[in-house]
There are 2 protein chains.
Amino acid sequence: MSLRIALLGLLSSSGPASGYDLTKKFERSINHVWQAGHSQIYPELAKMVIDGLVTVGAEGARGRKTYTITREGTAEVRRWLTERTPTEATRSESALEAFLLPLLDGPEALAALARMTSAIEAKLKGLEELQATHRREAATGRTHLGHYALNLGIMQTKTALTWAKETAADLEARMPPT
Amino acid sequence: MSLRIALLGLLSSSGPASGYDLTKKFERSINHVWQAGHSQIYPELAKMVIDGLVTVGAEGARGRKTYTITREGTAEVRRWLTERTPTEATRSESALEAFLLPLLDGPEALAALARMTSAIEAKLKGLEELQATHRREAATGRTHLGHYALNLGIMQTKTALTWAKETAADLEARMPPT
DNA sequence: TTGCCCATGTAATACGTTACATGATTTC
DNA sequence: GAAATCATGTAACGTATTACATGGGCAA
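Definitions and cut-offs
- Residues numbered from 1 in each chain as written.
- Chains lettered and ligands numbered in written order.
- Predicted model: local features only at pLDDT ≥ 70, side-chain atom pairs only at ≥ 80, totals over all residues.
- Heavy atoms only, no water.
- Near = heavy atom within 4 Å.
- Polar contact = N/O pair within 3.5 Å; in protein donor to acceptor, adjacent residues only side chain to side chain.
- Helix = DSSP H or I, 4+ residues; strand = E, 2+ residues; numbered from the N terminus.
- Salt bridge = Lys/Arg side-chain N within 4 Å of Asp/Glu carboxyl O.
- Buried < 20%, exposed > 50% of the residue type's maximum accessible area, 1.4 Å probe, protein only.
- Nonpolar A, V, L, I, M, F, W, Y, C, P; charged D, E, K, R; others polar.
- Axes fitted to C-alpha atoms, helices over the stretch in contact; angles between N-to-C directions.
- Parallel < 35°, antiparallel > 145°, perpendicular 65-115°, else oblique.
- Left-handed = near helix turned anticlockwise from the far one by under 90°.
- Contact = heavy atoms within 4.5 Å.

Caption draft 1: Structural context of the protein's contact with DNA strand D. Not every one of the 16 residues close to DNA strand D is listed here, only the nearest: A:Tyr20, A:His38, A:Lys65, B:Ser39 and B:Gln40. By atom count, sugar and phosphate contribute 66% of the portion of DNA strand D lying within 4 Å of the protein. At 2.6 Å, a side-chain N or O of B:Gln40 approaches a phosphate oxygen of DNA strand D. Between DNA strand D and B:Arg62 there is a distance of 3.4 Å, counted from a base nitrogen to a side-chain nitrogen or oxygen. Looking at the surface near DNA strand D, the elements that each hand over two or more residues are α2 (19-28) and α3 (38-50) of chain A together with α3 (38-50) of chain B.

Caption draft 2: Structural view of the pattern of salt bridges. This model, assessed by the stated rule, comprises 20 salt bridges over all chains. Here B:Glu93 ties to A:Arg84 by a salt bridge, and the two come within 2.8 Å at their closest N and O atoms. Placement of B:Glu93 in helix α5 (residues 93-100) and of A:Arg84 in the loop between α4 (71-83) and α5 (93-100) is noted, with the two residues assigned to different chains. A salt bridge links B:Asp51 to B:Arg4; the shortest N-O distance between them is 2.9 Å. Placement of B:Asp51 in the loop between α3 and β1 (54-56) and of B:Arg4 in helix α1 (residues 2-14) is noted, with a sequence separation of 47 residues between them. For B:Asp51, a relative accessible area of 44% corresponds to the partly exposed category. Residue B:Arg4 is classed as buried on the basis of its relative accessible area, which comes to 10%. Salt bridges here are not isolated pairs; linked through shared partners, they connect A:Arg4, A:Glu44, A:Lys47 and A:Asp51.

Caption draft 3: Focus on the protein's contact with DNA strand C. In the neighbourhood of DNA strand C, 16 residues make up the surrounding shell, with A:Ser39, A:Gln40, B:Tyr20, B:His38 and B:Lys65 lying closest. The side chain of A:Ser39 places a nitrogen or oxygen atom 2.6 Å from a base oxygen of DNA strand C. Element by element, the count of residues in the surface near DNA strand C is highest for α3(B), at 3 residues. Tallied by class, the residues present in the surface near DNA strand C amount to 4 nonpolar, 7 polar and 5 charged.

Caption draft 4: The packing of α5(A) against α1(B), seen in detail. Relative orientation of the contacting elements α5(A) and α1(B) amounts to 15°, with a least axis distance of 11 Å. As summarised for this structure, α5(A) and α1(B) are arranged roughly parallel, according to the angle between their axes. Like other packed secondary-structure pairs, α5(A) and α1(B) cross with a definite hand, here left-handed. When α5(A) is examined against α1(B), the residues A:Glu93, A:Leu96, A:Phe99 and A:Leu100 are found in contact with a partner set consisting of B:Ser2, B:Ile5, B:Ala6, B:Gly9 and B:Leu10.

Structure representation (structure tokens):
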């Protein structure tokens, strides 16, 4: 369901696009929130045509097909946004790693935390670059779907960094002095 | 893979258990980080027996089977924790909702944010209760896998709350005065 | 004896990833 | 003419959810 909603959201905010375009847009914009490759996107678009949420125009160069959101499609995203009961379930490998951290002894756990920290920093860097791009585009008047999600992502990532620092300090405090 | 690791982690920290026990433990402890029901857990345990990561003892009352982690099983979790390259990919419906928020107009977006806020508050409450239980058990000397993950979860949830507040303020500032 | 919890499993369906497969157009 | 990018799709496999199905043991 979420993939469908994400696609409808992109089509709704940036107008008609091909499966290829949407795949690229996924990578560039929505990727930090939801991931999907072309092998998932093409079949989903086909299903949405059947369900009347998008229409497909005539084939262009290189077999390119352009999809346009329909009234029903628009209604569908709006319904999802306004009527869905939010579910706060998370499934995160890094959180699982945090969960299992006490299985390692002090030095090993610190090493694992160090690796996690680099990954988090890399993510933060990526998000901040995205935000910079975003701001440049906003200045030229383009719409900015995803602005709030970027803020959230950056805040969450910074929180993760704080957690890693605090956890490392805690582990060090528990280790016998050398 | 992660389900397997989670199960091995639980078996490693709290000793032999049945599929039923593990299902319950999932609900109570690891649930905020990873979710799995019995229909996923039973087959996975069977596969792990084949792969030599756990052994199954004789059947007890009501067909109960007790699984014990093997040396290979222990090695497997440790490998995962110490050798895996951490991946920071997230897939979150609430983040998707945040992403698409600009599709709604001011009042609608505020209403959606309000619904999100209640959900986040409910989650925070759940996590804090879990933490209280955790502390009671720690006082009685029991091991505390999941302590760090709980901290992380609580921090992240509070961050989400802050984000929701800030976003609501931003939306209000953009709305034409009544 | 009825209902609840313990205890295990399978089936159908959906969602997601990686790999395979093909061909047109542009750019160097 | 070779390489990169545009453009679409399918297949195989793995993971996750929901529903179906069964039966033992205990307590009211």
